[in-house]
Amino acid sequence: AGFAASVVQIRVVPDEEGGITEALKEWCEPRCCDVIFTTGGTGFGPRDVTPEATRRLVQRPAEGLARAMAWQTSFQEPHSILSRGVCGITGQGVLIVNLPGNPAAVRQCLSVVLPVLPHALKMLNS
């Protein structure tokens, strides 16, 4: 059983914590979406600040999602456990999921998250 989804907006944001936080706020505060997926900026590099920007807005962490993505994808790519990606719910009830920057890793992580997303959104919106 699938679910309907639509892309509300796609934006490329520089690797700067403040800019990332502001972009996320623009989508969260008017609650123009239920889920925000970010890609990239989750590694160990000095410019990888997406988790820090996300934590500024998350009021309720969804650590199980991040752990499940790292664990499940580690069987195919051991380096995936180096991801520092954050998942959590904002004060407005928007779920933010930090995905890695590598397209193959994004597909692997989405294969973990998408099956549970309909139930997560149902719980958030009830």
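Here is what the cut-offs are and how they apply
Residues numbered from 1 in each chain as written. Predicted model: local features only at pLDDT ≥ 70, side-chain atom pairs only at ≥ 80, totals over all residues. Heavy atoms only, no water. Helix = DSSP H or I, 4+ residues; strand = E, 2+ residues; numbered from the N terminus. Buried < 20%, exposed > 50% of the residue type's maximum accessible area, 1.4 Å probe, protein only. Polar contact = N/O pair within 3.5 Å; in protein donor to acceptor, adjacent residues only side chain to side chain. Pairing = 2+ DSSP bridges. Salt bridge = Lys/Arg side-chain N within 4 Å of Asp/Glu carboxyl O.

1. A look at unusual backbone geometry
A positive phi angle, close to 50 degrees, is found at Arg31, a residue other than glycine. Its location among the elements puts Arg31 in the loop between α1 (17-28) and β1 (35-39).

2. Examining the environment of Ser83
By the secondary structure assignment, Ser83 is in the loop between α3 (63-74) and β3 (87-90). Exposure remark for Ser83: the relative accessible area of 32% places this residue in the partly exposed category. Side chain to side chain, Ser83 and Thr42 meet in a polar contact 3.4 Å long.

3. Considerations on the side chain of Asn98
Within the secondary structure layout, Asn98 lies in strand β4 (residues 95-99). Within polar-contact distance, the side chain of Asn98 engages the side chain of Thr54 at 3.0 Å.

4. Here's the deal with the pairing of β4
Among the five residues in β4, five count as buried, and that is most of the element. Because side chains alternate across β4, one face comprises the buried residues Leu95, Val97 and Leu99, and the other comprises Ile96 and Asn98, equally buried. Note that β1 and β4 share five bridges and pair parallel. Bridge pairing in β4 places Thr39 opposite Leu99. With three bridges connecting them, β3 and β4 associate as antiparallel partners. Bridge pairing links Ile89 to Leu95 in β4. Between β3 and β4, which pair antiparallel one after the other, the connecting turn spans four residues, and Gly93 there sits at a positive phi close to 85 degrees.

5. Section: the pattern of salt bridges
Enumeration according to the criterion identifies seven salt bridges in this entry. Close ionic contact of Arg11 with Glu26 constitutes a salt bridge, the shortest N to O distance being 2.9 Å. Placement of Arg11 in the segment before α1 and of Glu26 in helix α1 is noted, with a sequence separation of 15 residues between them. Accessibility expressed as a relative area gives 34% for Arg11, which makes it partly exposed. For Glu26, a relative accessible area of 45% puts it in the partly exposed group. In this structure, Arg31 and Asp34 form a salt bridge, with 3.0 Å as the shortest nitrogen-oxygen distance.

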